[in-house]
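# Notes for the structure review
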Amino acid sequence: MSSFDVARVRADFPILGREINGHPLVYLDSANTSQKPVQVLDVMRAHAEQHNANVSRSVHTLGTESTAAYEDARAKVATFIGAASPDEVVFTKNSTEALNLVAHSAGEMLGVGPGDEIVISEMEHHSNIVPWQLLCRRTGATLRWFGVTDDGRLDESTLDELVNERTKIVSLVHMSNILGTINDVSRIVARAHQVGALVLLDCSQSVPHLPLSVSALGADFIAFTGHKMVGPTGIGVLWGRGAVLADLPPFLGGGSMIETVTLEHTTFAAPPARFEAGTPPITEAIGLGAAVDYLSAIGMDEIHRHEQEITGYALKTLADLPGVRVFGLGTPEGRGGTVSFDVDGIHPHDVGQILDDLGVQVRVGHHCARPVCARFGVAAMTRASFYLYTTTDEIDALARGIEQVRRVFG
Amino acid sequence: MMDQLYQEIILDHYKHPHGRGLRSPFGGEAHHVNPTCGDEITIRVTTDLSDISYDGMGCSISQASASVLHDQLTGLDPAAAFRVHEAFVELMQGRGQVEPDEDVLGDAVAFAGVARYPARVKCALLPWMAFKDAAVRAGVGVSPEVTA
């Protein structure tokens, strides 16, 4: 018997009581950024009001309290993703910084150069494309990618040729931010490791929504971000397998990441400090710890089950609307609560504008995943994305909005 | 509220665009993209502005704006065209505070409501900015500030 109560969850999110253009807010843009519960906001405010000081460099009481809270947040995140140790959790600014960190530092560690190959996919967010293009430009390596099938999955038909002895790094999205597809990466991870390549997974869309364990995934790195998982902006995470992080050279240089510095030479701190140069986003990291507490108290299994129900309801509702075409998988199996669609060829900006007038907040455009739009032959898509606070009433409001769009532009 | 943004005149231009399609000969061409949404427009102008042709893909606002631009600027002498251009840019950047002059702008006054939607101002301006580049490349006149 499920104990999940969406009304009780919603009561934790003050913003959900807002009105937009005279209508109750219907927030369907959580894949972009999620809303924050009072439990997270309160922890951040309390830290700023009572414990604020810099971390890792003060002997005074406030500095000690702040350091303890910051490291406590790291330990919470480690437990949340099933990491072997908090030392495997590197705080970054966001997923993008985490991905760039690996592209730089793993590229250097592996001595990536001409003749080497990096493998990504056609399903990636720009943040998992551009850093690899830059790496290839710096080193002369070649960028290759998995295609996407018509139904919105990774095309693994050429796996053994694509991932080969020249492959140094495979970097893939775990759950697509535009199609919602959850990639079963087990075969690709196995093949990559067979040829000696490292595997990075962009888990920005999966960690917030699924129970996830880094040991089960089998990758060498994962990246995700706080603001998509009821936490604040400005804080992201790179998880790296301990043995890999130990050999990884630094990315940014500065304070806190060193062991000793002379003017001639510097030796570096052990991970995770080696990758956290400068004053980190302290309050934000602590807020992420509070977000992890919040999600864990409800239970990731419960959250995932709720989102599967909402996604099934949304897919069915959209399928019943004339003129609506959903991109990607048409049933909840193998996908998460991010649904992109087309309405009668009407431009997504116009769709989004009419929906906004009715209080419905969706994302429109290429979703920083232009190759996916190109794959499906459109310049842009309209995307509705769900979370633990999404209700079937909100899906109904979306459907009414889409009918209004067709009336205006029909 | 939506009626102010999506005026009938805008929807008409969107559904039945005027002068669409790239034509030759032309004196200058410009291709502009809105990187946040991927909307695109290509505009060609003849040096005497006797023809302004365009093609593109995008939302109703950007595509209707191109159609209105074609109607309002084709055949004007360069100084007059730049005056309309300047008035349109001022209207779009006026956050809804600028009173449009229908004598100068014609159908383009229908876009007054767009100025209240900062996210959409770029859509309306896309063809006008492309026009300006195309006109410069074609060597059309000089801007009114310089002639004044």
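Below is a summary of the structure that appears in this document. Just so it is clear, the structure is predicted and the values come from calculations on it, not from any experiment. (Residues numbered from 1 in each chain as written. Chains lettered and ligands numbered in written order. Predicted model: local features only at pLDDT ≥ 70, side-chain atom pairs only at ≥ 80, totals over all residues. Heavy atoms only, no water.)

## Some remarks on the overall build of chain B
Scanning chain B from terminus to terminus reveals seven helices and three strands. What you see in chain B, going N to C, is helices and strands ordered as α-α-β-β-β-α-α-α-α-α. What you see for chain B is a C-alpha radius of gyration of 14 Å, in line with the 15 Å of a compact globule of 148 residues. Judged by the C-alpha coordinates and their principal axes, chain B covers about 40 × 35 × 25 Å. Sorting the 148 residues of chain B into buried and exposed places 51% on the buried side. Excluding contacts between residues fewer than 6 apart, the proportion of contacts in chain B whose partners are at least 24 apart in sequence is 62%. (Helix = DSSP H or I, 4+ residues; strand = E, 2+ residues; numbered from the N terminus. Rg over C-alpha atoms; globule rule 2.2 N^0.38 Å. Buried < 20%, exposed > 50% of the residue type's maximum accessible area, 1.4 Å probe, protein only. Contact = heavy atoms within 4.5 Å.)

## Observations concerning helix α5 (residues 130-139) of chain A
Residues and elements named next belong to chain A. Of all the residues in α5, the buried ones are P131, W132, L135, C136 and T139. Each buried residue of α5 lies within a common arc of 140° when the element is viewed along its axis, so the set occupies one face. Buried residues along α5 sit in contact with α4 (95-109), β5 (117-121), β6 (142-146), β7 (167-173) and β8 (198-202). A positive phi of about 85° marks G140, the residue just after α5. (Arc of directions from axis to C-beta.)

## A closer look at the interface of chain B and chain A
Each side of the interface is counted separately: chain B has 21 residues, and chain A has 14 residues. For the pair chain B and chain A, the two sides together bury roughly 1,400 Å², of which 55% comes from carbon and sulfur. Ranking the residues of chain B by area buried against chain A places B:M2, B:Y6 and B:C37 at the top, with a combined share of 31%. The interface formed by chain B and chain A holds two salt bridges in total. Summed over the shared surface of chain B and chain A, the number is eight residue pairs in polar contact (both at pLDDT 80 or more). Listing elements by their share of the side of chain B that touches chain A, those giving two or more residues are α1 (2-5), α2 (8-15), β2 (39-45), α3 (60-73) and α6 (118-138) of chain B. When residues in the side of chain B that touches chain A are grouped by element, the largest group, three residues, is from α2(B). A breakdown of the residues in the side of chain B that touches chain A according to their chemical character gives 13 nonpolar, four polar and four charged. (Buried area = accessible area lost by both parts, 1.4 Å probe. Salt bridge = Lys/Arg side-chain N within 4 Å of Asp/Glu carboxyl O. Polar contact = N/O pair within 3.5 Å; in protein donor to acceptor, adjacent residues only side chain to side chain. Nonpolar A, V, L, I, M, F, W, Y, C, P; charged D, E, K, R; others polar.)

## A short note on helix α11 (residues 300-320) of chain A
All names here are of chain A. Look at α11: 30 Å from first C-alpha to last across 21 residues, which is about the 30 Å you get at 1.5 Å a residue. For α11, the full list of buried residues reads M300, E302, I303, H306, E307, I310, T311, A314, L315, T317 and L318. For α11, the secondary structure elements touched by its buried residues are α1 (6-11), α3 (61-80), α10 (282-298), β13 (324-327), β14 (338-343) and α14 (392-409). (Expected span 1.5 Å × (residues − 1).)

## Description of the nonpolar core
Among the nonpolar cores identified, the biggest contains 74 residues, and A:L398, B:I43, B:I61, B:F111 and B:F131 are the most heavily contacted of them. For this core, the element with the highest residue contribution is α6(B), accounting for 11 residues. Ignoring anything within four residues of it in the chain, the contact list for B:I43 reads B:G28, B:E29, B:A30, B:I52, B:S53, B:Y54, B:L69, B:P127, B:A130, B:F131 and B:A134. (Core = buried A, V, L, I, M, F, W, Y, C linked by side-chain atoms within 4.5 Å.)

## Thoughts on the layout of surface pockets
Its volume calculated, the largest pocket comes out at about 450 Å³. For the lining of the largest pocket, the elements supplying multiple residues, two or more each, are α12 (348-357), β15 (360-361) and β16 (363-365) of chain A together with α6 of chain B. Of all the elements, α6(B) adds the most residues to the lining of the largest pocket, at five residues. Class assignment of the residues belonging to the lining of the largest pocket gives a composition of seven nonpolar, seven polar and five charged. (1 Å grid on protein atoms, 1.4 Å probe; cavity = no way out; pocket = protein on both sides within 12 Å on 5 of 7 lines; lining within 4 Å. Points joined across faces, edges and corners; volume = space filled by probe spheres on them.)

## Section: the environment of A:T79
Looking at where A:T79 falls in the secondary structure, it is placed in helix α3. In this structure, the C-alpha to C-alpha distance between A:T79 and A:V292, residues 213 residues apart in sequence, is 9.3 Å.

## Describing the side chain of B:H70
Residue and element names in this part refer to chain B. The topology assignment puts H70 in helix α3. The class for H70 is buried, based on a relative accessible area of 13%. Filtering out sequence-adjacent residues up to four positions away, H70 remains in contact with H18, G19, R23, D51, I52 and Y54.

## Quick notes on the sheet that holds β16(A)
All names here are of chain A. Strand order in the open sheet formed by four strands is β13-β14-β17-β16, and the pairing between neighbours is antiparallel. One side of each edge strand has no neighbouring strand; the edge strands of this open sheet are β13 and β16. Shown here is a sheet whose adjacent strand axes are inclined to one another by a mean of 30°, direction ignored. When β14 meets strand β17 (residues 381-385), the two strands line up antiparallel, connected through four bridges. (Pairing = 2+ DSSP bridges. Axes fitted to C-alpha atoms, helices over the stretch in contact; angles between N-to-C directions.)

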